[in-house]
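Below are the chains, spelled out letter by letter.
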Amino acid sequence: NAGVTQTPKFQVLKTGQSMTLQCAQDMNHNSMYWYRQDPGMGLRLIYYSASEGTTDKGEVPNGYNVSRLNKREFSLRLESAAPSQTSVYFCASNLDSGGYSNQPQHFGDGTRLSIL
Amino acid sequence: AQKITQTQPGMFVQEKEAVTLDCTYDTSDPSYGLFWYKQPSSGEMIFLIYQGSYDQQNATEGRYSLNFQKARKSANLVISASQLGDSAMYFCAMRDPFSGSARQLTFGSGTQLTVLP
């Protein structure tokens with residue numbers, strides 16, 4: 001069972017470069033999420049998509065864009081990378097039919113991104 | 001705004017003993033959910049246990065249980081009979097369906113647990 005797959009696993013960029021982090025899930029989940037994890041700060045939500053065709057900002061959206069390409073795929077784009085965006089990025093998905101739900105989010109293995 | 005507080009940056013426990021990881025939360029809504037995740041050194045996030053605010057009983061999953069004290073707004077994770085493989089970072093998270101971002105999780109800063117042989 002693949003679950004949530006993120007690519008790439010590691011990436012080094014120079015300041016100002018752009019790149020797209022890819023995420024795909026095979027669990028037929030409706031909601032998908034992008035988080036970043038920095039030391040000592042837990043995970044913080046960047047963007048999420050409640051369903052295909054919709055996206056919303058999370059806690060820390062500045063410097064990022066997202067695309068919900070279809071139900072399976074949710075990509076995160078850094079248009080002009082900055083050193084402050086050095087982090088570990090996690091994609092997650094959730095079955096979530098809306099409202100109160102006990103469904104846990106399922107996470108990918110993360111992408112370690114370094115901006116020089 | 002939601003807030004999750006984990007006051008123990010690091011914890012040590014002897015193998016085979018029980019350990020409690022603290023989590024307090026802040027919300028003004030009566031309906032919410034609390035999740036615990038484990039993150040081993042390999043980096044993946046593993047879901048452990050869930051507690052709903054209206055659940056009558058404390059959640060249990062194998063060696064994991066939640067000490068849920070609603071009036072005190074605490075949801076502490078108890079790991080019984082610790083194993084070396086339990087060494088990891090543990091995150092508490094809350095989901096508030098009536099918040100602006102209804103489906104998002106708010107995470108605490110985590111507790112690094114080390115199990116000693």
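Keep in mind the model is a prediction, meaning the values are calculated, not measured.

## Here we look at the layout of surface pockets
Empty space within the largest pocket amounts to approximately 430 Å³. Contributing to the lining of the largest pocket are 26 residues, with A:Gln37, A:Val88, A:Arg112, B:Gln39 and B:Gly43 lying nearest its centre. If you list the elements that add at least two residues to the lining of the largest pocket, you get strand 9 (87-94) and strand 11 (111-115) of chain A together with strand 10 (88-95) of chain B. A per-class count over the lining of the largest pocket returns 9 nonpolar, 13 polar and 4 charged. Put simply, the second largest pocket is a space of about 180 Å³. In this structure, the second largest pocket is lined by A:Met41, A:Leu43, A:Arg44, A:Leu45, A:Glu59, B:Ile4, B:Gln104, B:Leu105, B:Thr106, B:Phe107, B:Gly108 and B:Ser109. For the lining of the second largest pocket, the secondary-structure elements that each account for two or more residues are strand 5 (43-49) of chain A together with strand 11 (105-107) of chain B. Of the residues contributing to the lining of the second largest pocket, the split by class is 6 nonpolar, 4 polar and 2 charged.

## Overview of the interface of chain B and chain A
Taken together, the 26 residues of chain B in the interface contact 25 residues of chain A. Carbon and sulfur atoms supply 54% of the area that chain B and chain A bury against each other, a total of about 2,000 Å² over both sides. For the interface between chain B and chain A, the tally reads 0 salt bridges. At the boundary of chain B with chain A, the tally comes to 2 residue pairs in polar contact (both at pLDDT 80 or more). Where the side of chain B that touches chain A is concerned, the elements lending two or more residues are strand 5 (33-39), strand 6 (46-52), strand 10 and strand 11 of chain B. Of all the elements, strand 5 of chain B adds the most residues to the side of chain B that touches chain A, at 4 residues.

What counts and what doesn't
Residues numbered from 1 in each chain as written. Chains lettered and ligands numbered in written order. Predicted model: local features only at pLDDT ≥ 70, side-chain atom pairs only at ≥ 80, totals over all residues. Heavy atoms only, no water. 1 Å grid on protein atoms, 1.4 Å probe; cavity = no way out; pocket = protein on both sides within 12 Å on 5 of 7 lines; lining within 4 Å. Points joined across faces, edges and corners; volume = space filled by probe spheres on them. Helix = DSSP H or I, 4+ residues; strand = E, 2+ residues; numbered from the N terminus. Nonpolar A, V, L, I, M, F, W, Y, C, P; charged D, E, K, R; others polar. Contact = heavy atoms within 4.5 Å. Buried area = accessible area lost by both parts, 1.4 Å probe. Salt bridge = Lys/Arg side-chain N within 4 Å of Asp/Glu carboxyl O. Polar contact = N/O pair within 3.5 Å; in protein donor to acceptor, adjacent residues only side chain to side chain.

Coordinates in, geometry out; function isn't part of it.
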